[in-house]
Amino acid sequence: MSVHTSKVPAPRPLPAAPGRGAVRAGTALALLAGCNAMVLLDESMVQIALPGMSQGLNLTPVGLGWVINAYLLTFGGLLLLGGRMGDLLGRRKVFLVGVALFTVAAALRGAATSGEFLIAVRAVQGIGSALAAPSALALVLSMSGEEGARKRAIALYMAVGAASTAGGLLLAGTFSSLGSWRWLLLLNVPLGLLILLLAPLVIEETTPSRGRFDLAGALVSTLGAVALVFGLTRAAEHPWTDLTVAAPIAAGAALLFVFWRIERRARQPIVVLRLFADRNRTWAYTTTFAVQGALIGTGFFLVQFLQRFAGYSPMLTAVALTPVAAAMITMSGAALWLERRLGPRTLLLAGAVLLLASNVWLSRLNPAFDYSADVLPALLLFGTGMALCVVPSVILATSGLHSDEAGAASSVHNTLQTLGASLGLALLVTVGTQAGRGAEQSLPGGASPEETLSRVFVHSMSASFLAGAAFAATAFVTALFIRPSGVAAAHTSPS
């Protein structure tokens, strides 16, 4: 099978200014990690704000799902185009445009007066992330020369993201407890402005490549993802045979097939297909996609459960969730050490098992729960499983590359992460909504509205966590196809 790839040389940093030293390089890495932190911080804040959004804007569970998915779809759908723009226009330039767009959208959403406006602004914010994220990771990789330095930079990049998740939870809880949920949505604005101010001073621009944009590929892939998620979301309220469910799902699958055909024939495709010639990278991509379905439900469902049915304040909810970030921070460095000794495959398998156990554990929750016995162990398993899955998947996705593939590889990895989360959330909301509807129909007559609402939500959440466990099991199976480190090395041809 022939593989069509771009022959455009990779962007290279422009000559460094005299006197650039370790402090400047460290500041540049910190700002790039800060972008990752800003994105993850935003996810934490939106999760804590979900109950307030539901009440303030009269959003249903499906509407809340679209608050998350509007962002994930534009983010994941345009990531590949964002990575290509960085190659052709200069990665620092595209990175800064993305951060600026993300920051403006973050400021606007605090003024949302309707669910529709909030969803639209979240979509714009996703476009900003799609421009900033692939360029940020590609710049991190280009700053790290030898393999050991690259792995350390990746671990630091992930650890900063995990720390920002913890900080985001506590900040979000504090602001939401002291004032409106609207105020906490503005917390990312100062961080975005700081990155925009300092990044041009310490991050080197890359030399733009000569080439063209694969606009047809970008458009078809985005429309295909949107159609799939729309159809899966409609299935929460309509039968699978309903035209508004079956038609979008069929159209999405057809569009993704057309996208594959476009990429095979394009002279400069948005997806560099030779990336998939490496077996380990291909299975790491597949595992990454499956893992997201096991991750997305915890923040979406558990936050609502703790605030709406367990009586937790936003601040107490944030504190209750910080063990996830603490476990991630602790295990990110350990995962790098373990990866060198055990190999990425072993870590991915162990991480998938921990995520499966965490989801099954949380599926047993009910309003009479005990936090220390019923929630805390699951969150520690969850955070550890995340670290064991994320670090080796990034290493596998970005190892053994040709000189012009770093941006493309990081874009594909980020795309599969984001689209996996989007499709996973759509499926989890659909499964949960259908389970809740079944629980409502089986309620005895005379049940109070509060009892009905509580029982419906608990059944919905339980079914969603079991679906998350199924995603984790899928990730375990796909990770089995990754060759152990020694075998992989024996099958790797020189670049």
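Further up the page is the structure itself.
Predicted, not measured: the structure shown is a model, and the values here were computed from it.

Visitor: Report on the overall build of the chain, specifying residues and quantitative values.
Guide: Tallying secondary structure elements over the chain gives 16 helices and zero strands in all. Within the span of the chain, comprising 495 residues, buried residues form 56% of the whole. Considering only residue pairs separated by 6 or more positions, the chain has 84% of its internal contacts joining residues 24 or more positions apart.

Visitor: Please give an account of the environment of Thr-287 that cites residues and values.
Guide: Note that Thr-287 resides in helix α10 (residues 279-308). By relative accessible area, which is 1% here, Thr-287 ends up buried. For Thr-287, the residues in contact, after removing those within four places along its chain, are Leu-348, Ala-475, Thr-478, Ala-479 and Ile-482. A polar side-chain atom of Thr-287 sits 2.9 Å from a polar atom in the side chain of Thr-478.

Visitor: Tell me about helix α2 (residues 61-89), and name the residues and values.
Guide: Structural remark: α-helix, 3.6 residues per turn; residues separated by three or four positions point the same way. Between the first and last C-alpha of α2 there are 40 Å, a value that for 29 residues agrees with the 42 Å anticipated at 1.5 Å per step. Counting buried positions over the 29 residues of α2 gives 24, a clear majority of the element. Trailing α2 by a residue or two, Gly-90 shows a phi angle of about 110 degrees, which is positive.

Visitor: Quick rundown of the packing of aromatic side chains? Include the residues and the values.
Guide: Inspection of every chain in the model, using the stated rule, returns 10 aromatic pairs. Here the aromatic rings of Phe-257 and Trp-260 are separated by 5.9 Å at their centres, their planes lie at 40 degrees, and the arrangement is tilted. Here the residue Phe-257 and the residue Trp-260 both occupy positions in helix α9 (residues 243-265), the gap between them amounting to three residues, near one helical turn. Ring geometry for Trp-283 and Phe-481: centres 4.5 Å apart, planes at 15 degrees, overall stacked. Taken together, the residues span a long stretch of sequence, with Trp-283 in helix α10 and Phe-481 in the loop between α15 (449-479) and α16 (485-490) at a distance of 198 residues. Taking the relative accessible area as the measure of exposure, Trp-283 reaches 25% and is therefore partly exposed.

Visitor: Residues and numbers for the nonpolar core, please.
Guide: The biggest cluster of nonpolar side chains holds 90 residues, and the ones touching the most others in it are Met-53, Phe-95, Phe-305 and Leu-355. Of all the elements, helix α1 (residues 22-56) adds the most residues to this core, at 14 residues. Setting aside residues no more than four positions away along its own chain, Phe-95 makes contact with Leu-31, Leu-32, Cys-35, Leu-131, Ala-132, Ser-135, Ala-136, Ile-195, Ala-199 and Ile-203. Counting 14 residues, the second largest nonpolar core, distinct from the first, contains Leu-81, Phe-259, Ile-270 and Tyr-285.

Visitor: Run through the environment of Ser-393, naming residues and quoting values.
Guide: By secondary structure assignment, the location of Ser-393 is in helix α13 (residues 371-397). Each residue touching Ser-393, except ones within four places of it in the same chain, is listed here: Ala-284, Thr-288, Leu-348 and His-413. A distance of 3.1 Å separates the side chain of Ser-393 from the backbone oxygen of Cys-389, its partner in a polar contact. At 2.8 Å, the side chain of Ser-393 and the backbone oxygen of Val-390 are in polar contact.

Visitor: Outline a nonpolar patch on the surface, supporting the account with residue identities and numerical values.
Guide: On the surface, Leu-194, Leu-197, Leu-198 and Leu-201 cluster together to form a nonpolar patch covering roughly 380 Å² of accessible area. Inspection of the secondary structure assignment puts Leu-201 in helix α7 (residues 188-202). According to the relative accessible area criterion, Leu-201 is exposed, its value standing at 56%.

Calculation rules
- Residues take numbers from 1 onward in each chain, read along the sequence in its written order.
- Whole-chain, interface and lining totals are the exception, using all residues; otherwise, since this is a predicted model, local features are given only for residues with pLDDT of at least 70 and side-chain atom pairs are given and counted only at 80 or more.
- Water and hydrogen atoms play no part in the side-chain values, which are based on all heavy atoms of the structure.
- A run of DSSP states H or I qualifies as a helix once it reaches four residues; a run of E qualifies as a strand once it reaches two. Both are numbered from the N-terminal end.
- Between buried and exposed lies partly exposed: a residue is buried under 20% and exposed over 50% of the maximum accessible area for its type, with that area taken using a 1.4 Å probe on protein chains only.
- Contact definition: two residues touch when any of their heavy atoms are within 4.5 Å.
- Any N or O atom pair separated by 3.5 Å or less is treated as a polar contact, with the protein-specific requirement of one donor-capable and one acceptor-capable atom, and with residues adjacent in sequence counted only for side-chain atom pairs.
- To estimate how far a helix should reach, multiply one less than its number of residues by 1.5 Å.
- Any two rings among Phe, Tyr and Trp, with Trp reduced to its six-membered ring, count as a pair given centres within 6.5 Å; such a pair is stacked if its planes are under 30 degrees apart, edge-to-face if over 60, and tilted if neither.
- Definition used in this section: a nonpolar core is a set of buried Ala, Val, Leu, Ile, Met, Phe, Trp, Tyr and Cys residues joined via side-chain atoms within 4.5 Å.
- Nonpolar side chains (Val, Leu, Ile, Met, Phe, Trp, Tyr) within 5 Å and like charges within 9 Å form the patches, drawn only from residues with over 30% relative accessible area and no salt bridge.
- Surface exposure here means Shrake-Rupley accessible area, sampled with a 1.4 Å probe, where a residue is shielded only by the protein chains that are shown.
- Salt bridge, as applied in this entry: a Lys or Arg side-chain nitrogen positioned within 4 Å of an Asp or Glu carboxyl oxygen.

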